[in-house]
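Reading the structure
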Amino acid sequence: MRKLLSTLLIGLTLLTYQTGYAQKQGKATAKVAPITVKTPARPAGQKDVIDLVTPKLETVRVGFIGLGMRGPGAVARFTKIPGTQIVALCDLRPECVDKSQQILKKAGLPEAAAYSGTEDAWKKLCDRDDIDLVYIATDWKHHAEMGVYAMEHGKHVAIEVPAAMTLDEIWKLINTSEKTRKHCMQLENCVYDFFELTTLNMAQQGIFGEVLHVEGAYIHNLEEFWPSYWNNWRMDYNRKHRGDVYATHGIGPACQLLDIHRGDRLKTLVAMDTKAVNGPAYIKSKTGEVVKDFQNGDQTSTLIRTENGKTMLIQHNVMTPRPYSRMYQLTGTDGYASKYPIEEYCLRPSQVASDVTPDHEKLNAHGSVPEEVKKALMDKYKHPIHRELEETAKKVGGHGGMDYIMDYRLVYCLRNGLPLDMDVYDLAEWCSMAELTRISIENNSAAVAIPDFTRGGWNKVKGYKHAFAN
Ligand SMILES: NC(=O)c1ccc[n+]([C@@H]2O[C@H](COP(=O)([O-])OP(=O)(O)OC[C@H]3O[C@@H](n4cnc5c(N)ncnc54)[C@H](O)[C@@H]3O)[C@@H](O)[C@H]2O)c1
């Protein structure tokens, strides 16, 4: 008994000593679990919409909602996409509908049915039975409600970025798409840009080895745009919401490089923001109002780790004068790619030149590949989508052509009964940044677990691919 007691005492002393030592050294004594948010159970009788195929449509009949700065460009692009019919146009403001009618007239197309004047005139557009696709380009707060309603009324939906602002909205879109078996695509155009698709193709062919780390951003000083948004919605949103509220242009192409929910999944994030300086300063300079509780920091940075041990850095900055950048950077075991400020690739010197002699004075040997090597790589790995569409896309335009490719692909897949390039789970993962980063920031940048929006299906498909390849 005495022996047992003394052994216990020694053990206790040792434990106390070790704990004290660990504390003095700043070592954590227990692993800290990430903050988790609730994943609602899939409603009974529902299944996922991974690789959803729907009956082929000979003509895609479209109704547009939201015809401010962005919407009319989409109307104009659709006048040039074969197999489409523009059936209806809707905007709260009648003058916006009229402007888009002019686009149809110029293209020699009949006038579309017009809806405007009331906050919910758009519902009448969705209620029609001669529309297959509702294309939504309103301010952020209307997106999810409109998308859910349109699917409930038998339509596929395409929604501008970000398609949803809260986890609640995201789950509503997922549940509705799963229940109605309708496509719900976010109109993320940046995944179709030329450097991005070429680099994705190179990555998929193993040029960079295993892709370990990717970066994406939305860095765009919006100072000159703020007054142009209808009803000041965008500045208001930033004023009231902390976190990365516009992550999709950066995270979208980054997720495609990492095969997110096609063999890997976003697992944990931590986010941090700077204080808000330029937002409140802008409001003061324009209106004299002193805003003490402006929420969105001038710069927000988010780090994400995936299930397979890859990492991602995402940034948001719409407030300070910086060169426009979506980052689009990739670090692989065998190479590197970066889009901004100049498009470049880096491979091992031995992969580029035949005679490589180590020389500490010649560090440029480890720089990007020479221009002619880059050009040859980009020609060789031009994506099949670009091979087919580049010329027309550049003529039609829309951010240099990527907007046309996005719309064309959406229509092509609907007409051919193929899964869309982006599904509702892409939408969910990319849009979830708004609320999840806020949660992290408001909890001293604590780790937050990212829900599996596929509810178990993230490893079913191996590798991201465009249905085009079929
Ligand atoms: N993908 C891109 O590159 C890109 C570029 C610009 C904008 N966007 C996105 O496009 C969307 C629209 O942005 P924008 O710059 O055109 O904004 P905007 O303010 O110019 O246009 C929004 C339009 O929505 C209309 N609207 C508001 N409530 C409505 C309602 N209840 N019914 C019908 N119409 C309604 C407004 O009248 C306005 O015309 C946003 O989601 C934005 O983030 C994407």
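Details of the structure are given in the entry above.
Residues numbered from 1 in each chain as written. Predicted model: local features only at pLDDT ≥ 70, side-chain atom pairs only at ≥ 80, totals over all residues. Heavy atoms only, no water.

1. What to know about the sheet that holds strand β4 (residues 133–136)
- Strand order in the open sheet made by the six strands is β3-β2-β1-β4-β5-β6, with parallel pairing throughout. Pairing within the sheet leaves two strands with one partner each, and these edge strands are β3 (113–116) and β6 (184–186). With strand direction ignored, the average angle separating the axes of adjacent strands in the sheet is 20 degrees.
- Pairing geometry for strand β2 (residues 84–91) and β3, over four bridges, is parallel. (Pairing = 2+ DSSP bridges. Helix = DSSP H or I, 4+ residues; strand = E, 2+ residues; numbered from the N terminus. Axes fitted to C-alpha atoms, helices over the stretch in contact; angles between N-to-C directions.)

2. Focus on empty space enclosed by the protein
- This model, assessed by the stated rule, comprises two cavities of 30 Å³ or more.
- There is about 40 Å³ of room inside the largest cavity.
- Forming the boundary of the largest cavity are H261, R265, L266, E429, I450, P451, D452, F453 and W458.
- Of the residues assigned to the lining of the largest cavity, the class counts are five nonpolar, one polar and three charged.
- When its volume is computed, the second largest cavity comes out at roughly 30 Å³.
- Surrounding the second largest cavity, P162, A164, M165, D244, V245, Y246, A247, T248, W430, C431, M433 and A434 form its lining. (1 Å grid on protein atoms, 1.4 Å probe; cavity = no way out; pocket = protein on both sides within 12 Å on 5 of 7 lines; lining within 4 Å. Points joined across faces, edges and corners; volume = space filled by probe spheres on them. Nonpolar A, V, L, I, M, F, W, Y, C, P; charged D, E, K, R; others polar.)

3. Thoughts on the layout of surface pockets
- Quantified by volume, the largest pocket comes out at close to 1000 Å³.
- Lining of the largest pocket is provided by 48 residues; of these, M69, R70, A137, Y229 and W233 occupy positions nearest its centre.
- For the lining of the largest pocket, the elements supplying multiple residues, two or more each, are α2 (71–78), β2, α3 (94–106), β3, α5 (140–152) and α8 (233–240).
- In the lining of the largest pocket, the residues fall into 24 nonpolar, 14 polar and 10 charged.
- Approximately 340 Å³ is the volume attributed to the second largest pocket.
- Looking at the second largest pocket, it is lined by 20 residues, and the ones nearest its centre are P349, V356, N364, A365 and H366.

4. Side note on the pattern of salt bridges
- For the structure on display, the rule yields 30 salt bridges.
- Notably, a salt bridge pairs D334 with R348, separated by 2.8 Å at the nearest N-O pair. One end of the pair, D334, is in the loop between β11 (329–332) and β12 (335–338); the other, R348, is in the loop between β13 (344–347) and α11 (349–352), with 14 residues separating them in the sequence.
- Residue R348 is classed as partly exposed on the basis of its relative accessible area, which comes to 41%.
- Between K382 and E390 there is a salt bridge, and its shortest N-O distance comes to 2.5 Å.
- A network of salt bridges, in which partner residues are shared, links R70, R77, E160, D403 and D407. (Salt bridge = Lys/Arg side-chain N within 4 Å of Asp/Glu carboxyl O. Buried < 20%, exposed > 50% of the residue type's maximum accessible area, 1.4 Å probe, protein only.)

5. What to know about the site of the ligand
- Around the ligand, a shell composed of 26 residues is seen, among which R70, D91, R93, V161 and W233 lie nearest.
- Between the ligand and W233, the relevant distance is 2.7 Å, taken from an oxygen atom to a side-chain nitrogen or oxygen of the residue.
- Protein contacts shield 95% of the accessible area of the ligand, which totals 850 Å² for the unbound molecule.
- If you tally residues by element for the shell around the ligand, the top one is α5, at four residues.
- Here the shell around the ligand is composed, by residue class, of 13 nonpolar, seven polar and six charged. (Near = heavy atom within 4 Å. Polar contact = N/O pair within 3.5 Å; in protein donor to acceptor, adjacent residues only side chain to side chain. Areas by Shrake-Rupley, 256 points an atom, 1.4 Å probe, with all protein chains shown as cover.)

6. Quick look at the environment of V134
- Within the fold, V134 resides in strand β4.
- Distance from V134 to G147, taken between C-alpha atoms, is 8.0 Å for residues 13 residues apart in sequence.
- In this structure V134 touches G63, I65, L125, C126, A150, K155, H156, V157 and A158, once residues within four positions along its chain are discounted. (Contact = heavy atoms within 4.5 Å.)

7. Side note on the sheet that holds strand β8 (residues 266–273)
- Here we have eight strands laid out as an open sheet, ordered β13-β12-β11-β7-β10-β9-β8-β14, and mixed in their pairing. With one partner strand each, in any of the chains shown, β13 and β14 (448–449) form the two edges of the open sheet.
- Looking at chain direction, β12 and β13 are connected through four bridges and run antiparallel. Paired with Y336 across the two strands is C346, which belongs to β13.
- In the packing of helix α9 (residues 248–257) onto the sheet, the strands contacted are β7 (211–219), β8, β9 (300–306), β10 (311–317) and β11, and the crossing angle to β7 comes to about 165 degrees.

8. Quick notes on the packing of helix α7 (residues 194–204) against helix α13 (residues 384–396)
- At a minimum axis distance of 11 Å, the contact between α7 and α13 shows a crossing angle of 170 degrees. Put simply, α7 runs roughly antiparallel to α13. Here F194, L197, T198 and N201 of α7 lie close against α13, whose contacting residues are P384, I385, H386, E390 and K394.
- Here the residues of the contact of α7 with α13 are counted per class, giving four nonpolar, three polar and two charged. (Parallel < 35°, antiparallel > 145°, perpendicular 65-115°, else oblique.)

9. A look at unusual backbone geometry
- Cis geometry is found at the peptide bond from V161 to P162, where omega equals -25 degrees.
- Secondary-structure assignment places P162 in the loop between β5 (156–159) and α6 (167–180).
- Going from Y340 to P341, the amide bond is cis rather than trans, its omega being 0 degrees.
- One can find P341 in the loop between β12 and β13.
- A positive phi angle, close to 55 degrees, is found at D259, a residue other than glycine.
- Tracing the backbone through its elements, the reader meets D259 in the loop between α9 and β8.
- D259 sits in the partly exposed class, given a relative accessible area of 25%.

10. Structural notes on the packing of aromatic side chains
- In the structure shown here, the tally under the stated rule is 18 aromatic pairs.
- Judged by centre distance (5.1 Å) and plane angle (70 degrees), the ring pair of W140 and W233 falls under edge-to-face. Pair noted here: W140 is in helix α5 and W233 is in helix α8, with a separation of 93 residues, a long-range link.
- The class of W233 is buried, set by a relative accessible area of 18%.
- Look at Y324 and Y340: their rings are 6.0 Å apart centre to centre, the planes differ by 70 degrees, and that puts the pair in the edge-to-face class. Within this pair, whereas Y324 is found in the loop between β10 and β11, its partner Y340 is found in the loop between β12 and β13, the two being separated by 16 residues in sequence.
- Chaining the aromatic ring pairs together yields one cluster made of W140, Y218, W226, Y229, W233, Y237, Y246, Y324 and Y340.
- Note that R234 overlies the ring of Y246, its terminal NZ or CZ placed 4.4 Å from the centroid. (Phe/Tyr/Trp six-rings, centres within 6.5 Å; stacked < 30°, edge-to-face > 60°. Lys NZ or Arg CZ within 6 Å of the ring centre and 35° of its normal.)

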